[in-house]
Amino acid sequence: MDPLFDQINVRDLLSGHDLSDPSTPLSAPDLRLLISRLESHSLHIKSKVRSYLLSHRNDFASLFSQCNDAVSKTNEVSDNLSDILSSISDRPIDVEICKLVCEIGSATKEAREKREMLGLLRIIVAICERLEGARLALSNGRLRFAAEEVKELKKALRIGDEEEGEPIVYNLLRKQWADLFDEVQDLFSKLMENAVRFEQDSRLIRVKYTLSVDKMDGIELRTVMEAMDAAGILDYSLAKAADLIIKHAITSAANYESPIAFVEDVSQGSEGISEVVLKILPSQDHNVVDVDGDSIYARVIQVIEFIFKHLCFENGSWIRSFGRLTWPRISDLIISKFLSKVVPEDASKLADFQKIIKCTSEFEISLKEMMFISASDGKDYRLSNYAENVEVHFAFRKKKEILGRARNLLLQCDFSVPQDYTPKGPLLKNDGMTKNSSKQVVDLIFSSERCLVSKASSQLMELVHQTLQDVCLSSTRVALEFYYAARDAILLYEAVIPVKIERQLDGINQVAILMHNDCLYLSREILGLTFEYRTDFPDSIKEHAVFADMAPRFHIMAEEILQRQIQIVIFNLREAIDGADGFQNTHQMQQFESAKFSIEQVVFILEKVHIIWEPLLRPSTYKRSMCLVLEFVFSRITKDILSLDDLAAEETLQSLTSVIDSNGKSEDSCHPIDDSIPSLRKIRKLAGMFFSYP
């Protein structure tokens, strides 16, 4: 059939005509020929198609039959679908299906929950049975089994790792476990109290190998130790025994001033060792003081070996646990009772301390070999670290002594003036006062003057100078501590003295003036310290050594104290002058007496200030301070006098007329001038009061 549908070429139908020129039109004969040939070709095609259909008649019949069957089945499916849709519309089966699915899911969930609940109940019952079994084993003396059960149940109940939303029954089980754990701890504590005892009368530590408690007899100490280790409560149960051994054995062993000796006694029974005893006896060499530490360390080692052998049964884990409990306290005891007391008091003796350092290192090596202390934890080597840092401890001890001496000097200071102090004239460095034997008369650096200071400040600066001299001769670490000690000693004056004499600073007295001089003296001395010692300091200290920062605070304190004294004096003078009531009406006897008393008070205050200030203050300071006081007095009195009422105009004219008339008369007829000037008598009385006092 394919050739029938090939493209018809018009050129082939008009093969006799020249068609090379597409623009040439076809003639009528050509068109008729073309139509005729097309009709012939069409008839040929129809003939071919008919022949093909006839030859494949069966095939086409089968194809048409299949198509008919497909259409029939499609109609059948359509009818069935229509029936189903009709049935669904009449009865809501989808709702029933959903309901059925929900019921199946609910039943499945309920079954699963019941299975989970059943599993949980099995676990709870098992835990309850194990708790009860552990409690029963504890009462029957099966300590190791009970201890292991307690430890495993702790993991099963997730003790310490609780979560929110857990079943309430878990809390009840944990409560039962906690009660059981307390029972276990209490039992083991009683057993250890029975195992390790100190007998005060005999002064011995007794360790029993066979124990009995709460109607349980024949319990071996090793079994108790194994059970405590299994339960994870070895540290807790050994705490009391550790405390007993430290209190009665280690404390005595570490005291180098009261030497003792230990004697071990082992008691054998029918089945082996029944008990061991460590006796604490006075040493035969009680007059020999162990300054190197050999005997002390040997005694401590003897006690620890006793524990290692007879209580821990040479078990490394157990002795390590005992060491964690006791080593911090043991090391503190050795430091406080031995090492800190043999720290050299002089820098020249530091080299002799090397033997103690060596003995201390060997002691800790022995403890490490017994596993009493850790081989890897550097914190356990506390004694070696302390001994090797002896320079720091020496410096710290000296610093503490320096500050203690400084504080005592300041607290004992009474700010008294020495009896041999009799100054005459200004205190200058090159005058006769240099012969004064009192150390309280000091030179002021950067000044030609001298002044009297308190005994405390003089001795304080002597102490500071001694300390700074030690800085120049010491190693870097020691020198740094001494430097800070010198600074802190000076600053103690600021912290102690103002509090000590706070009440006395509110009055006019020599204490305040001496404190002023102290602060001035300290400020000048502080400025000179750097120039005096800095060049001799160790190189590393030169960068840190600063004193000038303290000088201004003492200079300011000195000025504040002086100004406070001046203000107190002025306040007292003001009150005294106020009593004169402005010197008004002094012609009246009562007012005259008041004014007179006021002037006497002013003179008394000035004389008191003069007596206290002049011998103690520097001449320049005394002059400046007295000028301020006198300026106030004169300005105030002048102001009051100028405020007095002037003479009336009529009285003044009358007086002048009387004078002129008297001048015109003979010399024999003279009248008293007081009669001519009535107010002159009042002025003379006031002037007399002022000029009658120096």
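Just so we're clear, the structure is a prediction, and the values are computed from it rather than from any experiment.

Draft legend 1. Just the overall build of the chain, in detail. Summing up its helical and strand segments, the chain has 23 helices and eight strands in all. Within the chain, residue pairs in contact and separated by at least 24 positions form 70% of the contacts whose partners lie at least 6 positions apart.

Draft legend 2. Geometry of unusual backbone geometry. Residues other than glycine seldom take positive phi values, yet glutamate 314 does so here, at roughly 60 degrees. When its relative accessible area of 52% is taken as the criterion, glutamate 314 is described as exposed. The phi torsion at methionine 371 lies on the positive side, around 65 degrees, for a residue other than glycine. Along the chain, the position of methionine 371 falls in the loop between helix H11 (354-369) and helix H12 (382-388). Taking the relative accessible area as the measure of exposure, methionine 371 reaches 43% and is therefore partly exposed.

Draft legend 3. Structural context of the side chain of arginine 636. If you trace the backbone, arginine 636 turns up in helix H20 (residues 619-642). Leave out the neighbours within four places in its chain, and arginine 636 touches Arg574, Ile577 and Asp578.

Draft legend 4. Quick peek at the side chain of serine 474. By the secondary structure assignment, serine 474 is in the loop between helix H14 (455-473) and helix H15 (476-500). In this structure the side chain of serine 474 is engaged in a polar contact, spanning 2.5 Å, whose partner is the backbone oxygen of aspartate 470.

Draft legend 5. Inspection of a nonpolar patch on the surface at higher detail. A surface patch of nonpolar side chains, amounting to about 370 Å² of accessible area, comprises Phe446, Leu527 and Phe531. Summarising the element assignment, phenylalanine 446 is placed in the loop between strand E7 (441-443) and strand E8 (450-452).

Draft legend 6. The arrangement of the sheet that holds strand E1 (residues 196-199) in detail. Taking strand neighbours across the sheet as the criterion, the four strands line up as E1-E2-E6-E5 in an open arrangement whose pairing is antiparallel. One side of each edge strand has no neighbouring strand; the edge strands of this open sheet are E1 and strand E5 (260-269). Averaged over neighbouring strand pairs, the angle between their axes works out to 20 degrees when direction is ignored. Pairing analysis gives ten bridges linking E5 to strand E6 (residues 272-282), with the strands arranged antiparallel.

Draft legend 7. Quick peek at the pairing of strand E2 (residues 204-208). Burial analysis of E2 places four of its five residues in the buried class, the great majority of the element. The pairing of E1 with E2 spans four bridges and is classified as antiparallel. Across the sheet, the residue bridging to glutamate 199 is leucine 204, located in E2. Hairpin connection of E1 to E2: four residues between the antiparallel strands, including arginine 203 at a positive phi of 50 degrees.

Draft legend 8. A look at the packing of helix H5 (residues 143-156) against helix H7 (residues 221-231). Where H5 contacts H7, the two axes come as close as 8 Å, and the packing angle between them is 5 degrees. Considering their axes alone, H5 and H7 lie roughly parallel with respect to each other. Counted together, Leu143, Arg144, Ala147, Glu148 and Lys151 of H5 and Val224, Glu226, Ala227, Ala230 and Ala231 of H7 form the full contact between these two elements. Residue composition of the contact of H5 with H7, grouped by class: six nonpolar, no polar and four charged.

Draft legend 9. Focus on the environment of leucine 630. Summarising the element assignment, leucine 630 is placed in helix H20. Each C-alpha atom of the pair leucine 630 and leucine 606 lies 8.5 Å from the other, and the pair is 24 residues apart in sequence.

Draft legend 10. Representation of the packing of aromatic side chains in the model. Applying the stated criterion across every chain, the model contains eleven aromatic pairs. When the centroid spacing of 6.3 Å and the interplanar angle of 85 degrees are considered together, the rings of tryptophan 327 and phenylalanine 372 count as edge-to-face. Of this pair, tryptophan 327 sits in helix H10 (residues 316-337) while phenylalanine 372 is found in the loop between H11 and H12, placing the two residues 45 residues apart along the sequence. Note on tryptophan 327: relative accessible area 2%, which makes it buried.

Draft legend 11. Quick peek at the pattern of salt bridges. For the coordinates displayed, the defined rule picks out 25 salt bridges. Residues arginine 206 and glutamate 275 are paired through a salt bridge, measuring 2.6 Å at the closest nitrogen-oxygen approach. A residue pair is termed long-range when its members are at least 10 positions apart, and arginine 206 in strand E2 and glutamate 275 in strand E6 qualify at 69 residues. For the residue pair arginine 206 and glutamate 275, the accessibility class agrees, reading buried in each case.

Draft legend 12. The packing of helix H6 (residues 168-195) against helix H8 (residues 234-253), seen in detail. For the pair H6 and H8, interaxial distance at closest approach is 9 Å and the crossing angle is 30 degrees. H6 and H8 meet at a crossing whose hand is right-handed. Taken together, the residues of H8 that come into contact with H6 (itself represented by Gln185, Phe188, Ser189, Met192 and Glu193) are Tyr236, Ser237, Leu238 and Lys240.

Draft legend 13. Layout of the nonpolar core. In terms of nonpolar packing, the biggest core is built from 180 residues, with Phe322, Ile334, Leu339, Tyr493, Met515 and Trp613 touching the most fellow members. Take this core: its biggest share by element is 13 residues, from helix H18 (residues 551-578).

Draft legend 14. Main features of the environment of alanine 395. Relative to the assigned elements, alanine 395 resides in helix H13 (residues 390-411). Using a relative accessible area of 0% as the deciding quantity, one classes alanine 395 as buried. On a C-alpha basis, the gap between alanine 395 and alanine 479 in space is 7.9 Å, while along the polypeptide they are 84 residues apart.

Analysis parameters
Residues numbered from 1 in each chain as written. Predicted model: local features only at pLDDT ≥ 70, side-chain atom pairs only at ≥ 80, totals over all residues. Heavy atoms only, no water. Helix = DSSP H or I, 4+ residues; strand = E, 2+ residues; numbered from the N terminus. Contact = heavy atoms within 4.5 Å. Buried < 20%, exposed > 50% of the residue type's maximum accessible area, 1.4 Å probe, protein only. Polar contact = N/O pair within 3.5 Å; in protein donor to acceptor, adjacent residues only side chain to side chain. Patch = residues over 30% accessible without salt bridge, like charges linked within 9 Å, V, L, I, M, F, W, Y side chains within 5 Å. Areas by Shrake-Rupley, 256 points an atom, 1.4 Å probe, with all protein chains shown as cover. Salt bridge = Lys/Arg side-chain N within 4 Å of Asp/Glu carboxyl O. Pairing = 2+ DSSP bridges. Axes fitted to C-alpha atoms, helices over the stretch in contact; angles between N-to-C directions. Parallel < 35°, antiparallel > 145°, perpendicular 65-115°, else oblique. Nonpolar A, V, L, I, M, F, W, Y, C, P; charged D, E, K, R; others polar. Phe/Tyr/Trp six-rings, centres within 6.5 Å; stacked < 30°, edge-to-face > 60°. Left-handed = near helix turned anticlockwise from the far one by under 90°. Core = buried A, V, L, I, M, F, W, Y, C linked by side-chain atoms within 4.5 Å.

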